[in-house]
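Chain by chain, the residues run as shown.
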Amino acid sequence: MRAYLVDILAVGFFVLEWTVYAITLEHSTYGRDSLSARMHLYREVWIRRMLDREARMVDMQIMASLQNGTAFFASSSLIAVGGALALLRSTNDALAALKTLPIDMSPSPALWEIKCVGLILIFIYAFFKFAWAYRLFNYVAILLGSMPPASQRDTAEAEAHVVRTTRMFETAGRHFNRGQRAFFFALGYLGWFVSPWVLFASTAAVVIVTWRRQFASNAWRAMGS
């Protein structure tokens, strides 16, 4: 156990950072000022302005582009799972290649397989998030199609439909963001294949980059103006 203490601490740090970042972004007052939160306000603006239009083909085309992007990421997740499974199957070849490096960084076969299994689980999680987001975007498309006509935009039914559609839209976006976050942290997780110390650094780098995009990027400032 002592031989793997640094690895255990590194993985614990990775899980902790991912969890804390996700909770802070989605369930805290601080996260309500993120780029994702600011963009959610415009989902509601979009839905409300749809009520003023009788012709809504452009809105459905935008919705189709969102669905296509989500389907692309879901497919990419399956490809990534296949690649990670191939890496798991080639444990002996991978370890032999690592031993040829000037600095021997090859772990035990068991540890290597644990690393591969962890990577597989991350991509499976991402696939489920993207697949569910795609399904939710389909539901949003149905809700957009059943939007009351412009002549009824001031009715209670229209208001209830706007709220219902906006909530579904927000949920779909949230699951899509979680899938993308899994992709980002999977890149950080790759550092463990080099060394647990690299995993510490790569995890911190991913958190810094993703935090900056949500709270200090040009896009965040643009949406606040």
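Above this text sits the structure in question.
Residues numbered from 1 in each chain as written. Predicted model: local features only at pLDDT ≥ 70, side-chain atom pairs only at ≥ 80, totals over all residues. Heavy atoms only, no water.

**Student:** Explain the overall build of the protein here, please?
**Tutor:** Scanning the protein from terminus to terminus reveals eight helices and zero strands. Its helices and strands taken in sequence order, the protein reads α-α-α-α-α-α-α-α from the N to the C terminus. Relative to its length of 225 residues, the protein is extended, with a C-alpha radius of gyration of 22 Å against a globular reference of 17 Å. Across its three principal axes, the protein shows a C-alpha extent of roughly 70 × 35 × 30 Å. When the 225 residues of the protein are sorted by exposure, 40% land in the buried category. (Helix = DSSP H or I, 4+ residues; strand = E, 2+ residues; numbered from the N terminus. Rg over C-alpha atoms; globule rule 2.2 N^0.38 Å. Buried < 20%, exposed > 50% of the residue type's maximum accessible area, 1.4 Å probe, protein only.)

**Student:** Help me understand the pattern of salt bridges in this model?
**Tutor:** Opposite charge on two side chains allows them to pair when their charged atoms are near. Scanning all chains against the criterion turns up eight salt bridges. With a shortest N-O distance of 3.3 Å, Arg 181 and Glu 26 are connected by a salt bridge. With Arg 181 in helix H6 (residues 156–189) and Glu 26 in helix H1 (residues 5–27), this pair connects stretches of sequence that are 155 residues apart. What makes Glu 26 partly exposed here is its relative accessible area of 23%. (Salt bridge = Lys/Arg side-chain N within 4 Å of Asp/Glu carboxyl O.)

**Student:** Could you clarify how one ought to interpret the side chain of Ser 34 in this entry?
**Tutor:** Summarising the element assignment, Ser 34 is placed in the loop between H1 and helix H2 (35–50). Ser 34 sits in the buried class, given a relative accessible area of 1%. When neighbours within four sequence positions are excluded, Ser 34 is seen to be in contact with Leu 25, Gln 214, Phe 215 and Trp 220. (Contact = heavy atoms within 4.5 Å.)

**Student:** What is the right way to read the packing of helix H3 (residues 57–89) against helix H5 (residues 109–145) from this model?
**Tutor:** Between two packed helices, what matters for the description is the angle formed by their axes and the separation of those axes. Across the interface, H3 lies against H5 with an axial gap of 8 Å and an inter-helix angle of 165°. Taken as axis vectors, H3 and H5 run roughly antiparallel relative to one another. Once H3 is placed against H5, the crossing between them reads as left-handed. When the residues that make up the contact of H3 with H5 are grouped by side-chain class, the tally is 30 nonpolar, four polar and one charged. (Axes fitted to C-alpha atoms, helices over the stretch in contact; angles between N-to-C directions. Parallel < 35°, antiparallel > 145°, perpendicular 65-115°, else oblique. Left-handed = near helix turned anticlockwise from the far one by under 90°. Nonpolar A, V, L, I, M, F, W, Y, C, P; charged D, E, K, R; others polar.)

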